[in-house]
Amino acid sequence: MNRNSAKDLIVDSFKELVKTTDYEKITIKMITDGAGFIRPTFYNHFRDKDEVFEYILETELVSNAISLIDVYMYNEAVKLVFMFIFSDIKLYRRAFKVEGLNSFKNSFTKSVKKIIHYLLNSMGFDHNESYPLLNISTLSTLYSNLITDITVKYIYIDDVDKINVDDLINTINFMESNSILDIISQKKN
């Protein structure tokens, strides 16, 4: 068995456990038992279970989004962020409930920030001359927090199956293209 397939089996076992078990109760032994390995095999690939989340985000989300950006599919890269979460809603509903310094929400936000940073950089954006605070770091932080917060809001809607990813994209686009005062004034009309 090659190294990647062992890693994939560990990841699959971890995902299944997150769907059914409180995160803090998941042990390395539970993960390796589910994957059919002994504990040292886990440590050949990961330092702890938090790193498994980071690996999932990096390999299944960030690298795929960056591949889309590299071929100028910018909208599809942003859409992928939502599709990633909604592809396994049960898993990510539970994952977003993990709290603390190494929470899934923090890891997800960092991953989205990496994607947004890459997107801005690939489009040649560095900063806005008229507004010095509007630089690549500030914008990637702002939009990663926006996308994360909207994602979290939507995944806990009772009839989440009825949510269309395009609706989320439209919400993001609306918020990006309107000031808070514009949004308020539209509500009054």
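Residues numbered from 1 in each chain as written. Predicted model: local features only at pLDDT ≥ 70, side-chain atom pairs only at ≥ 80, totals over all residues. Heavy atoms only, no water.

Caption draft 1: Focus on the overall build of the chain. If you tally the helices and strands in the chain, you get 10 helices and 0 strands. Ordered by position from the N terminus, the helices and strands of the chain form the series α-α-α-α-α-α-α-α-α-α. Dimensions of the chain, computed from the C-alpha atoms along their principal axes, are close to 60 × 40 × 30 Å. Looking at the chain as a whole, 41% of its 189 residues qualify as buried. Counting contacts in the chain only where the partners sit at least 6 residues apart, residues at least 24 apart contribute 63% of the total. Accessible surface, the chain as shown: approximately 11100 Å² in total, 53% of it carbon and sulfur. Taken together, the 22 basic and 26 acidic charged side chains of the chain have centroids lying 6 Å from each other. (Helix = DSSP H or I, 4+ residues; strand = E, 2+ residues; numbered from the N terminus. Buried < 20%, exposed > 50% of the residue type's maximum accessible area, 1.4 Å probe, protein only. Contact = heavy atoms within 4.5 Å. Areas by Shrake-Rupley, 256 points an atom, 1.4 Å probe, with all protein chains shown as cover. Lys, Arg positive; Asp, Glu negative; His and termini not counted. Charge placed at Lys NZ, Arg CZ, Asp CG, Glu CD.)

Caption draft 2: Helix α2 (residues 28-35), seen in detail. All buried positions along α2 are accounted for by Ile28, Ile31, Thr32 and Ala35. The arc enclosing the buried residues of α2, seen along the axis, measures out at 90°, which places them on a common side. Just beyond α2, the residue with positive phi is Gly36, at close to 80°. (Arc of directions from axis to C-beta.)

Caption draft 3: Representation of unusual backbone geometry. A positive phi is found at Tyr72, a non-glycine position, where the angle reads about 65°. Inspection of the secondary structure assignment puts Tyr72 in the loop between α4 (49-70) and α5 (74-86).

Caption draft 4: How the structure looks around the packing of α4 against helix α7 (residues 104-122). Contact geometry for α4 and α7: axes closest at 10 Å, N-to-C directions at 20°. Taken together, the axis directions place α4 and α7 in an arrangement best described as roughly parallel. In the crossing of α4 with α7, the sense of the turn from one axis to the other is right-handed. In this structure, α4 contributes Phe53, Glu54, Leu57, Glu58, Leu61, Val62, Ala65, Ile66, Ile69 and Asp70 to the contact, and α7 contributes Phe104, Ser107, Phe108, Ser111, Lys114, Ile115, Tyr118, Leu119 and Ser122. Tallied by class, residues from the contact of α4 with α7 come to 12 nonpolar, 3 polar and 4 charged. (Axes fitted to C-alpha atoms, helices over the stretch in contact; angles between N-to-C directions. Parallel < 35°, antiparallel > 145°, perpendicular 65-115°, else oblique. Left-handed = near helix turned anticlockwise from the far one by under 90°. Nonpolar A, V, L, I, M, F, W, Y, C, P; charged D, E, K, R; others polar.)

Caption draft 5: View of the nonpolar core. Core analysis: the largest hydrophobic core is formed by 56 residues, its most contacted members being Phe82, Ile85, Phe86, Phe104 and Phe108. Among the elements that line this core, the one with the most residues is α4, at 9 residues. (Core = buried A, V, L, I, M, F, W, Y, C linked by side-chain atoms within 4.5 Å.)

Caption draft 6: Representation of the confidence of the model for the chain. Taken as a whole, the chain shows an average pLDDT of 89; of its residues, 96% reach a score of 70 or greater. Model confidence for the chain, summarised as mean pLDDT per element, is weakest for helix α10 (residues 180-188) at 78 and strongest for α2 at 97. (pLDDT = per-residue confidence, 0-100.)

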